[in-house]
Amino acid sequence: MPRRRIGFWYRFAAVICKPPLVVLIKRDWRGMENIPADGGFITAVNHNSHVDPFAYAHYQYNTGRVPRFLAKSGLFKQGFVGAAMRGTGQIPVYRESTDALSAFRAAIDAVERGECVAFYPEGTLTRDPDGWPMTGKTGAARVALQTKCPVIPVAQWGANELLPPYAKKPSLFPRKTHHVLAGPPVDLSRFYDREMTPELLKEATEVIMAAITRQLEQIRGEKAPAVPYDPRRERIEQRRRTEAQHRARDQGGTAAVQDRGGTAAAVREEGGSAPAVQEEGQGT
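Because the structure is predicted, anything quoted here is derived from the model rather than measured.

Thresholds applied
Residues numbered from 1 in each chain as written. Predicted model: local features only at pLDDT ≥ 70, side-chain atom pairs only at ≥ 80, totals over all residues. Heavy atoms only, no water. Helix = DSSP H or I, 4+ residues; strand = E, 2+ residues; numbered from the N terminus. Buried < 20%, exposed > 50% of the residue type's maximum accessible area, 1.4 Å probe, protein only. Areas by Shrake-Rupley, 256 points an atom, 1.4 Å probe, with all protein chains shown as cover. Phe/Tyr/Trp six-rings, centres within 6.5 Å; stacked < 30°, edge-to-face > 60°. Expected span 1.5 Å × (residues − 1). Pairing = 2+ DSSP bridges. Polar contact = N/O pair within 3.5 Å; in protein donor to acceptor, adjacent residues only side chain to side chain. Contact = heavy atoms within 4.5 Å. Core = buried A, V, L, I, M, F, W, Y, C linked by side-chain atoms within 4.5 Å. Patch = residues over 30% accessible without salt bridge, like charges linked within 9 Å, V, L, I, M, F, W, Y side chains within 5 Å. Salt bridge = Lys/Arg side-chain N within 4 Å of Asp/Glu carboxyl O. Axes fitted to C-alpha atoms, helices over the stretch in contact; angles between N-to-C directions.

Draft legend 1. View of the overall build of the chain. Per the secondary structure count, the chain includes 10 helices and seven strands. The proportion of buried residues among the 284 residues of the chain is 42%. Surface accessibility of the chain: about 15,900 Å² in total, with carbon and sulfur atoms responsible for 54%.

Encoded structure:
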């Protein structure tokens, strides 16, 4: 796909979106030489702000290889927004589909036509407390192994300082810098021509996410956690903590009742009375 073939709708979107982006954020963009000049490929990008799809699209637009994002199918039905989504070649994801391969068939077709498809493998904004990439979903790996196309790991940082994850108001001052670093293609060749099992897809996804994380380490100048944040694992741990708290509370209540009963019995043996204990018993 020649670099010059961008199309009317993408150029129109650029006319609208680029001026505010240029005003709001400075740019530290590196690694553009790793974006293929032609042929289909995938970019796998970390996600830490609702603003970063626009900021990242600006980066890749400037390489001449515009990205086709996966987006909720409902957006394609919303008037002007839907027309723009269709016109710029974005890819609808039908979440009601039970067949993951069918859900990404359009992405596979786009890559085979020589397009670039941009994936956010995390599937949502990172929930890592320090903004590092989380564990990824397997969609990007599935398309990559199906097509054997290059996978370019891309890390970005800075849009999250303009609009932090889940924040409602941007922080405009001082002016933020959007850092982007695209790395060399991820080597997934050892996964080719093997049965596409869940285990294989998970392993390939981990390789992709590790490559993105290495790029982000270079941007931030620090090491990421040894084990990526896993929302599913965190939910399980939270559930266990909640159940343990409930058990401790139940056991504490039982122990208190037993303690009151033992105190009353001891008082009776000594021939005295236990009015406080009796009052508590009457109130329960």
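Draft legend 2. Region of the structure containing the packing of aromatic side chains. For the structure on display, the rule yields 11 aromatic pairs. Aromatic pair W9 and F12: ring centres 5.9 Å apart, planes at 90 degrees, arrangement edge-to-face. Of this pair, W9 and F12 are both found in helix α1 (residues 8-24), three residues apart, which corresponds to roughly one turn of the helix. According to the relative accessible area criterion, F12 is partly exposed, its value standing at 32%. Look at F12 and F80: their rings are 6.2 Å apart centre to centre, the planes differ by 75 degrees, and that puts the pair in the edge-to-face class.

Draft legend 3. Just helix α8 (residues 198-220), in detail. End to end, α8 covers 32 Å across 23 residues, agreeing with the expected 33 Å (1.5 Å per residue, within 8%). Downstream of α8 by a residue or two, G221 has a phi angle that is positive, lying close to 70 degrees.

Draft legend 4. Representation of the pairing of strand β5 (residues 116-119) in the model. Residue alternation in β5 divides its side chains into two sets, C116 and A118 and V117 and F119, and both sets are buried. In this structure, strand β2 (residues 41-45) lies alongside β5, joined through four bridges in parallel fashion. Within β5, the position partnered with A44 by the bridge is F119. Inspection of the sheet shows strand β3 (residues 67-72) paired to β5 by three bridges, in the parallel sense.

Draft legend 5. Layout of the side chain of S49. Secondary-structure assignment places S49 in the loop between β2 and α2 (52-61). Engagement of the side chain of S49 in a polar contact is seen with the backbone nitrogen of V51, the distance being 3.1 Å. Within polar-contact distance, the side chain of S49 engages the backbone oxygen of A159 at 3.3 Å. If we skip the residues at most four places from it in the chain, S49 touches L125, A159, N160 and L163.

Draft legend 6. Structural view of unusual backbone geometry. Cis peptide bonds are those with omega within 30 degrees of zero, and the linkage from F173 to P174 qualifies with -5 degrees. Considering the arrangement of structural elements, one finds P174 in the loop between α7 (159-162) and β7 (176-182). Phi is positive for Y166, close to 70 degrees, though the residue is something other than glycine. Turning to its location among the elements, Y166 is positioned in the loop between α7 and β7. You can call Y166 partly exposed: its relative accessible area is 45%. The backbone of D193 sits at a positive phi, close to 55 degrees, despite the residue not being glycine. For D193, the position within the fold is in the loop between β7 and α8.

Draft legend 7. Structural detail: the nonpolar core. Residues I42, F119, V143, V151 and L188 are the most contacted members of the largest nonpolar core, which totals 28 residues. Of all the secondary-structure elements, those providing two or more residues to this core are β2, α5 (105-112), β5, α6 (139-147) and α8. Element by element, the count of residues in this core is highest for α8, at eight residues. When sequence neighbours within four positions are dropped, the list of residues in contact with V143 reads I42, F104, A107, I108, V111 and F119. Listed in part, the 20 residues of the second largest apolar core include Y10, I35, F69 and V154.

Draft legend 8. Just a nonpolar patch on the surface, in detail. Side chains of F8, F12, V15, I16, L75, F80 and V81 sit close together on the surface and give an oily, nonpolar patch of about 660 Å² of accessible area. Those elements that place two or more of their residues in the nonpolar patch are α1 and α3 (79-87). Ranked by residues supplied to the nonpolar patch, first place goes to α1 with four residues. Here L75 is to be found in the loop between β3 and α3. In this structure L75 comes out as partly exposed when scored by relative accessible area, which is 30%.

Draft legend 9. Layout of the sheet that holds strand β6 (residues 151-157). One open sheet accounts for seven strands, arranged β1-β7-β6-β2-β5-β3-β4; its pairing is mixed. A single partner strand is all that each edge strand has here, and the edge strands are β1 (25-30) and β4 (91-93). Each neighbouring strand pair of the sheet contributes to a mean axis angle of 25 degrees, computed without reference to strand direction. Across the sheet, α2 lies against β1, β2, β3, β5, β6 and β7, angled at about 50 degrees from β1, the strand it touches most. Helix-sheet contacts for α5 involve β2, β3, β4 and β5, and the interaxial angle to β5 is about 140 degrees.

Worth remembering: the numbers are spatial, not functional.
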